[in-house]
Amino acid sequence: MSLRDLSLALRSGELSPVEHVRDTLERLRADEHNAVVLLDDSAVATAEERAAELRRGEWRGPLHGVAVGVKDLFDVVGLPTRAGSNVLADAPAATSEGPVVARLREAGAVIVAKLHTHEFAYGPTGDVSATGPALNPHDRTRITGGSSSGSAAAVAAGHLPLALGTDTGASVRTPAALCGVVGLKPAFGTLSADGVFPLAESLDTVGLLASDVHSASVAWDVLSRPDGTGGGIQQPGVRGTHVGVLVDEFWQAVDPVLAGAVADAVQTLEKAGAEIFEIRTPMIEELAAAYARIAGGEAYATHRAWLAERRADYQPATAERLLAVADQPAYAYVEAQRARRRLGAALREAVAGMDVLISATTRLRATPIGADEVDGTPVRPSMLGLTSPFNLTGWPALSVPAPLPAGELPAGIQLVGVDLEERGILRVAGAITRS
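Rules and cut-offs
- Residues numbered from 1 in each chain as written.
- Predicted model: local features only at pLDDT ≥ 70, side-chain atom pairs only at ≥ 80, totals over all residues.
- Heavy atoms only, no water.
- Phe/Tyr/Trp six-rings, centres within 6.5 Å; stacked < 30°, edge-to-face > 60°.
- Helix = DSSP H or I, 4+ residues; strand = E, 2+ residues; numbered from the N terminus.
- Buried < 20%, exposed > 50% of the residue type's maximum accessible area, 1.4 Å probe, protein only.
- Lys NZ or Arg CZ within 6 Å of the ring centre and 35° of its normal.
- Core = buried A, V, L, I, M, F, W, Y, C linked by side-chain atoms within 4.5 Å.
- Contact = heavy atoms within 4.5 Å.
- 1 Å grid on protein atoms, 1.4 Å probe; cavity = no way out; pocket = protein on both sides within 12 Å on 5 of 7 lines; lining within 4 Å.
- Points joined across faces, edges and corners; volume = space filled by probe spheres on them.
- Nonpolar A, V, L, I, M, F, W, Y, C, P; charged D, E, K, R; others polar.
- Axes fitted to C-alpha atoms, helices over the stretch in contact; angles between N-to-C directions.
- Parallel < 35°, antiparallel > 145°, perpendicular 65-115°, else oblique.
- Left-handed = near helix turned anticlockwise from the far one by under 90°.

### As for the packing of aromatic side chains
Piece 1. Using the criterion set out here, one finds seven aromatic pairs in the structure.
Piece 2. A ring pair is formed by Phe 120 and Phe 197, whose centres lie 5.3 Å apart and whose planes are at 35 degrees; its orientation type is tilted. Taken together, the residues Phe 120 in the loop between β3 (110–115) and α5 (149–156) and Phe 197 in the loop between β5 (182–185) and β6 (205–210) connect sequence positions 77 residues apart. As far as the burial class goes, Phe 120 and Phe 197 line up, both buried.
Piece 3. Here the aromatic cluster, defined as three or more aromatic residues joined through ring pairs, consists of Phe 120, Phe 197, Trp 306 and Tyr 314.
Piece 4. Positioned above the aromatic ring of Trp 59, the side-chain terminus of Arg 11 is 3.7 Å from the ring centre.
Piece 5. Taking the ring centre of Tyr 122 as reference, the NZ or CZ of Arg 321 above it sits at 3.7 Å.

### Things to note about the nonpolar core
Piece 1. Among the nonpolar cores identified, the biggest contains 106 residues, and Leu 164, Leu 208, Leu 269, Leu 357, Ile 358 and Leu 415 are the most heavily contacted of them.
Piece 2. Per-element accounting of this core gives the leading share, ten residues, to helix α9 (residues 284–310).
Piece 3. Ignoring anything within four residues of it in the chain, the contact list for Leu 269 reads Val 238, Val 243, Ala 274, Ile 358, Val 428, Ala 431 and Ile 432.

### Describing empty space enclosed by the protein
Piece 1. This model, assessed by the stated rule, comprises one cavity of 30 Å³ or more.
Piece 2. If you add up the space inside the largest cavity, you get close to 90 Å³.
Piece 3. Around the largest cavity sit 13 residues that line it, and Ala 121, Gly 123, Ser 171, Tyr 291 and Leu 384 are the ones nearest its centre.
Piece 4. Split by residue class, the lining of the largest cavity holds seven nonpolar, four polar and two charged.

### Looking at the environment of Leu 420
Piece 1. Its location among the elements puts Leu 420 in the loop between β13 (412–417) and α14 (422–433).
Piece 2. Taking the C-alpha atoms as reference points, Leu 420 and Trp 395, 25 residues apart in sequence, are found 9.4 Å from one another.
Piece 3. Residues contacting Leu 420, with those up to four places away along its chain left out, are Thr 241, Asp 355, Val 356, Pro 396, Ile 425, Arg 427 and Val 428.

### Concerning the packing of helix α7 (residues 213–224) against α14
A pair of packed helices is captured by two measures, namely the crossing angle of their axes and the spacing between those axes.
Piece 1. Here α7 crosses α14 at 165 degrees, and the two axes come no closer than 9 Å. Looking at the two axes, α7 sits roughly antiparallel to α14. Like other packed secondary-structure pairs, α7 and α14 cross with a definite hand, here left-handed. Where α7 approaches α14, its residues Val 213, Ala 216, Ser 217, Trp 220 and Asp 221 are matched on the opposing element by Glu 422, Arg 423, Leu 426, Ala 429, Gly 430 and Thr 433.
Piece 2. Considered class by class, the residues forming the contact of α7 with α14 number five nonpolar, three polar and three charged.

What follows is the structure in structure tokens.
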């Protein structure tokens, strides 16, 4: 059931929040994708409160009574935050929640589960965690993408209409692309990251994953509007919208299906009245190179003490990546931040006049779990390279599933807002998917 239909059924009384939450909890208990870390035992009681409100004619908005999951980086009262790591195996239950989780509750949503994350969110594949790899619902031998692995898998499997994630370089958009759902990374700082375990504070962005564009738009309205009522997606007209197609070699996908999906999406937008422009970004290689120094330096600063005391509690791949930047001099981090500002401004100038940019979300589709490369192409950079530049700029971006024949592994199309904000890029995404 789509979020639209679910919300209507809950508000009309056709479906009770209690029935919905109980059914969702059953689905999550039976999940076969290792998407679930913890279930919230208080969820049914909360659903009963939401049902009582509806009987009194009190409706909080389109998420009233809707079951929602959150990545296991978000603090949820009564549940520990373990971040996919044995380092936090004995973490106590949280006693407070950040503004985004609080916002969901105010809007009537029912938090039902903490969901799988790549350990400490430090990876774009979703197959490194104390609880083992998350499994792609389209093919359980393949990765979900990360680090919001469980959020994408739970939505793709049909367990949840909506889940929260975080995106530091790819972590909402890549799992959305690989699992065939919508993943929105808002502009940096639009949603508070308080109450969320950090990876790299100058890049971390709270985002969301949803089953379709309309659901993502409703959820975005609820999270971003002061009244929390939501307003649904705008009409998907794109006539006159300036769409920049990123054509440098850097932006090209390795998988030909991905390249074809982008070309088809561009054609769809052009037929709908959008104006298409080829965009070149000669600074992109140098800008992208700043990402690893910034993210690595900030992540190591967070974990330095634990690595010294509890290195064996980390997954080997995570410890290796963190220690790889242990000797990075401070000037390298400062130079990378300076490059970020200088080259980000150059990128802004190169795309001036565009409303939105379009590319593939990843260079490959979902790869086999544990594979470091596929046909000579390194997996990790392929899952991170096309998305991380827009964490450096802070621009809003999303991944939307490409319309493909049944049985195909999903392909993600990335839309990036230049002069459009989040609702604007969701409108463009709606024109591609017609949802």
